[in-house]
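Understanding the architecture of this molecule
Here's the letter readout for the chains.
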Amino acid sequence: MSPRVFLFLLVCSHGFLALAAGKRSTSFRLKLFRRPASAGSTQLERMQELFRDDQLRQAIIHDRLGRRLHGRRASEVSPPAQSFMMPLNSGVYTGNAQFFVRFLLGKPAQHFVLTSLPFSLIECPSPTTPCAFDYRYGDGSKARGVFANESATVVLSNGKHTKLRHLVVGCSSDSTGSSFQASDGVLGLGNSNISFATIATAHFGGRFSYCLVDHLSPRNASDFLVFGHRPAVLSPSPLPRETALVLDLEPFYAVGVDGISVDGEMLAIPKDVWDLSAGGGTILDSGTSLTVLAQPAYRAVASALDRRLAGIPRVKMDPFEYCYNWTTAPTKAAKNLPRMVVHLAGSASLKPPAKSYVINAAEGVKCLGIVATPWPGVSVIGNILQQEHLWEFDLKNKMLRFKRSTCGKSTSRIAGDNELN
């Protein structure tokens, strides 16, 4: 079997790159969509699969943060005026809440589909021997191969071409399992000195942005991922909300949280839950679907939401603790959902739409889209809670900026494709 090239796009455990290919056009393009669900699976079965994948990822996150690995970041260069963009597509039609991309690699360029692989084993026998990887997915799928040093050709916002050199790329020699039937790799946005995000932002303004549409959007809805300064067509003005971006927890992006309120009531959550030094803290992770809260925070938030949904009959539905029969919900209760706000450090507030935390779990059933993790433990703002917001990760100035956005309405006019060679 000939070697297969993989690319890592979403935040992954080690942050490096495994690449996938597409075709040449007028600018750099990546499309984001979801991994296809098993044939004939129900909405509930897809949600259960999503939950299992998140559980596996949480184990990796806790392992990584438990070891508190720190590494030297790649050096940054003065930001040029140009940027490059990767459109992303919603993939609700596949039945999985993870976002995915298409990437264009090679000569001639070919399409590859990228997904998140949550577990890896890396072996570097000697300085002169290629480092080997062994990636394994929750369903038993796996890929083996070696790492290579590659360069990517990207098309800038002014139409000119440039190369991104010294990318760490995983080339697989063997892959098995259902996870690889729908995807070819993952693009690393992790906070790591060898991730695609760090290398690209070092040459493009020290920042990257993405916007995730509603995870239930139709198949042709587009998101986007931009490295460098955003084109004015996406957001002509500075993003109004900002908070400090904590880069000490490689390969993750952490933020400070002051608390969570429901309908204006600040909940009684111990401060240690948000304190990194006390074993808590919060990260943003596009590779996790549901939002994960350390047990004290989960109990306070879930109870507050449940009290305000008391007029809607409860139903049991694994793996969620709080689910409701929406077919018998009183009209007023169904329309007036409780308002949850995550209060970030620096007076910035994340005010997600209610559909991002009271989610569709099965036909006629909605559940609280938050899950608990044991305390002490790190809380995770997952991609469903991030949806319908434009997020800017300013790595140079260590700031996270965001605002509400419809995400996909303008990307088709300015998007193109990339290749790796």
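Note that the structure is predicted; figures quoted are calculated from it, not measured. Per chain, the residues get numbers from 1 upward, laid out in the order the sequence is written. Given that this is a predicted model, residues contribute local features only at a pLDDT of at least 70 and side-chain atom pairs are listed and counted only at 80 or more, while totals for whole chains, interfaces and linings are drawn from all residues. Computation of side-chain values: all heavy atoms of the structure, hydrogens and water removed.

1. Comments concerning the overall build of the chain
Rules: Under the DSSP-based scheme used, a helix requires at least four consecutive residues in state H or I and a strand at least two consecutive residues in state E, with every element numbered from the N terminus. Residue exposure (1.4 Å probe, protein chains only): buried if accessible area is under 20% of the type maximum, exposed if over 50%, otherwise partly exposed. Note on definitions: a residue-residue contact is assigned when non-hydrogen atoms from the two residues lie within 4.5 Å. In this description, accessible areas are obtained by the Shrake-Rupley approach with a 1.4 Å probe, and a residue is regarded as covered only by the protein chains that are shown.
The helix and strand tally for the chain stands at 5 helices and 27 strands. Looking at the 421 residues of the chain, the share that counts as buried comes to 57%. Long-range pairs, those at least 24 residues apart, make up 75% of the contacts in the chain with a sequence separation of at least 6. Here the chain displays about 16600 Å² of accessible surface, and carbon together with sulfur accounts for 52% of that area.

2. A few points about unusual backbone geometry
The omega torsion of the bond from Asp318 to Pro319 falls at 5°, within 30 degrees of zero and hence cis. Residues Trp375 and Pro376 are joined by a peptide bond in cis, for which omega reads 0°. In this structure, Pro376 sits in the loop between strand 23 (370-373) and strand 24 (379-381). Positive phi is not limited to glycine here, since Asp263 has a value of about 50°. Its place among the elements puts Asp263 in the loop between strand 13 (257-262) and strand 14 (265-266). Assessed through its relative accessible area of 44%, Asp263 is described here as partly exposed. Positive phi values are uncommon outside glycine, yet Glu388 reaches one of about 60°. One can find Glu388 in the loop between helix 5 (383-386) and strand 25 (389-394).

3. Topic: the sheet that holds strand 17 (residues 314-317)
To keep things clear, this is the line we draw: Here, any two strands with at least 2 DSSP bridges between them count as paired. Helix axes are fitted only over the stretch in contact, all axes being lines through C-alpha atoms; the angle between N-to-C directions runs from 0 to 180 degrees.
What the 4 strands build is an open sheet, ordered 17-18-22-21; its pairing is antiparallel. Bordering the open sheet on either side are strand 17 and strand 21 (358-362), each of which pairs with just one other strand. Averaged over all pairs of adjacent strands, the angle between their axes in this sheet comes to 45°, without regard to strand direction. Direction of pairing for strand 17 relative to strand 18 (residues 320-325): antiparallel, over a ladder of 3 bridges. Looking at strand 18, one finds that Val315 is bridged to Cys323. The sheet contacts of helix 3 (residues 295-308) involve strand 17, strand 18 and strand 22 (365-368), and relative to strand 18 the element is tilted by about 10°.

4. As for the confidence of the model for the chain
Operational definition: What pLDDT conveys is the predictor's confidence in a given residue, as a value from 0 to 100.
A residue-level look at the chain finds 66% of positions with pLDDT of 70 or above and a mean pLDDT of 75. Counting contacts from residues 69-81, a segment whose pLDDT is below 50, to residues more than four positions away or on other chains yields 27 contacts. Below a pLDDT of 50 lies the segment residues 410-421, which in the model reaches 63 contacts outside its immediate sequence neighbourhood of four places, other chains included.

5. Considerations on the nonpolar core
Condition: Here, nonpolar core means buried Ala, Val, Leu, Ile, Met, Phe, Trp, Tyr and Cys residues that are tied together by side-chain atoms lying within 4.5 Å of each other.
Counting residues in each nonpolar core, the largest one holds 63 residues, and the members touching the most others are Phe208, Phe227, Ile269, Val301, Leu368 and Phe393. It is helix 3 that provides the largest number of residues to this core, a total of 7 residues. Excluding residues that lie within four positions of it along the chain, Phe208 makes contacts with Leu189, Ala197, Thr201, Leu225, Val226, Phe227, Tyr253, Trp391, Glu392, Phe393 and Leu395.

6. Remarks on the pairing of strand 19 (residues 340-344)
Summarising burial for strand 19: 4 of the 5 residues are buried, a large majority. With 5 bridges connecting them, strand 13 and strand 19 associate as antiparallel partners. Looking at the pairing, Val262 lines up with Met340 of strand 19. Bridging between strand 19 and strand 20 (residues 348-350) involves 3 bridges; their strand directions are antiparallel. Bridge assignment links His343 to a residue of strand 20, and that residue is Ser349. The hairpin formed by strand 19 and strand 20 contains 3 residues between the paired strands, and Gly346 there has a positive phi angle of roughly 85°.

7. Observations concerning the side chain of Thr282
As for its placement among the helices and strands, Thr282 is situated in strand 15 (residues 282-284). Setting aside chain neighbours within four positions, we find Thr282 in contact with Tyr253, Ala254, Val255, Val257, Trp274, Leu276, Val378, Ser379 and Ile381.

8. Topic: the environment of Ala297
Summarising the element assignment, Ala297 is placed in helix 3. What makes Ala297 buried here is its relative accessible area of 0%. Considering only alpha carbons, one finds Ala297 and Ile260, 37 residues apart in sequence, at a separation of 8.4 Å. Setting aside anything within four residues of it in sequence, one finds Ala297 in contact with Ile269, Val273 and Trp274.

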